[in-house]
Amino acid sequence: MQQTGSHRVLKSASIFVFAAFCLSPISYADEKKAERSGEDIYKQYCSSCHVAGGNTAKPKKPLAGSSVLKSIATFQKYLESPPGHMPYYKSVVEDKSVIKKLYEYCRKLPKTAGA
Ligand code: HEC
C-alpha cells in the first residue's frame, strides 16, 4: 500500500508534537522558579533561627505574633536595620514582592507557645 509511508511520517510527527508537549511544562516550571512562595523564602532565609515562628537564637523574641508584623511598613523597616544577631538580607529587603510574600507568610504563623 502506498499509504503506509505517509502514515509513518504522520505518526512520528505526532510523537514529536506529543514529546514537545510533555517537555514544555518542565521549561515552564524552570521559569516559574523565580516566583517563590512566602514559605519558600522563609525556609531559605528565616527558618534556621525562626523555627516554626519561634527564635532559637533569642527565644524571648519569637517572630510569630511579633509587633514588628503589625504592618508591612514596620516589617520592612525592621528587616532594613535588624538589631542584635538578626541578620540583614539585601536580596529580601530590595525586592518589594519578596517582602510582601514573606510578610503574608509570617502573619499566618501561629503564635508560639513561649510568646
Ligand atoms: C541567624 C539567626 C536569624 C535568622 C536567619 C533570622 N533571624 Fe529574625 N531574629 C533573630 C534574632 C536574634 C532576633 C532578635 C533580635 C533582637 O531583638 O535582639 C530576631 C528577631 C526577629 C523579629 C522581631 C521579633 C521581635 O518581636 O522582636 C522578626 C520580625 C524577625 N526576626 C524576622 C525575621 C525574618 C523575616 C527572617 C528571614 C528573612 C529572619 N528573621 C531571619 C535571628 C534571626
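Residues numbered from 1 in each chain as written. Predicted model: local features only at pLDDT ≥ 70, side-chain atom pairs only at ≥ 80, totals over all residues. Heavy atoms only, no water.

Right, let's get into the overall build of the chain. The helix and strand tally for the chain stands at five helices and zero strands. Restricting to contacts in the chain with at least 6 residues of sequence separation, those with at least 24 account for 54%. Here the chain has roughly 8700 Å² of accessible surface; of this, 62% comes from carbon and sulfur atoms. (Helix = DSSP H or I, 4+ residues; strand = E, 2+ residues; numbered from the N terminus. Contact = heavy atoms within 4.5 Å. Areas by Shrake-Rupley, 256 points an atom, 1.4 Å probe, with all protein chains shown as cover.)

Every one of the 22 residues lining the ligand counts as a neighbour, but Cys-46, Cys-49, His-50, Ser-66 and Met-86 are closest to it. One nitrogen or oxygen atom from the side chain of Lys-58 is found 2.9 Å from an oxygen atom belonging to the ligand. Contact between the ligand and Lys-61: an oxygen atom at 3.2 Å from a side-chain N or O atom of the residue. Here the shell around the ligand is built from residues that sort into 15 nonpolar, five polar and two charged. (Near = heavy atom within 4 Å. Polar contact = N/O pair within 3.5 Å; in protein donor to acceptor, adjacent residues only side chain to side chain. Nonpolar A, V, L, I, M, F, W, Y, C, P; charged D, E, K, R; others polar.)

Six octahedrally arranged donors around a metal ideally form angles of 90 or 180 degrees; four tetrahedrally arranged donors ideally form angles of 109.5 degrees. Coordination of the iron atom of the ligand by the protein involves His-50 (NE2) and Met-86 (SD), with metal-donor separations of 2.0 Å. One can describe the donor arrangement at the iron atom of the ligand as octahedral, given that its six donor atoms subtend angles of 87 to 179 degrees at the metal. Here Met-86 lies in the loop between helix 3 (72–80) and helix 4 (90–93) and His-50 lies in the loop between helix 2 (38–45) and helix 3, a separation of 36 residues in the sequence. The same class applies to His-50 and to Met-86, which are both buried. (Donors = N, O, S within 2.8 Å, 3.2 Å for Na, K, Ca; no water. Tetrahedral: all angles 85-135°; square planar, octahedral: opposite > 155°, others 65-115°. Buried < 20%, exposed > 50% of the residue type's maximum accessible area, 1.4 Å probe, protein only.)

The next subject is the confidence of the model for the chain. Predicted coordinates in regions of low pLDDT should not be interpreted in detail. Looking at the chain, pLDDT values average 83 and 68% of them are 70 or higher. The secondary structure element of the chain with the lowest average pLDDT is helix 1 (residues 3–32), at 58, and the one with the highest is helix 3, at 98. (pLDDT = per-residue confidence, 0-100.)

This brings us to the nonpolar core. Tyr-42, Phe-75, Leu-79, Val-92, Leu-102 and Cys-106 are the most contacted members of the largest nonpolar core, which has 19 residues in total. Looking at this core, the elements with two or more residues in it are helix 2, helix 3, helix 4 and helix 5 (96–108). (Core = buried A, V, L, I, M, F, W, Y, C linked by side-chain atoms within 4.5 Å.)

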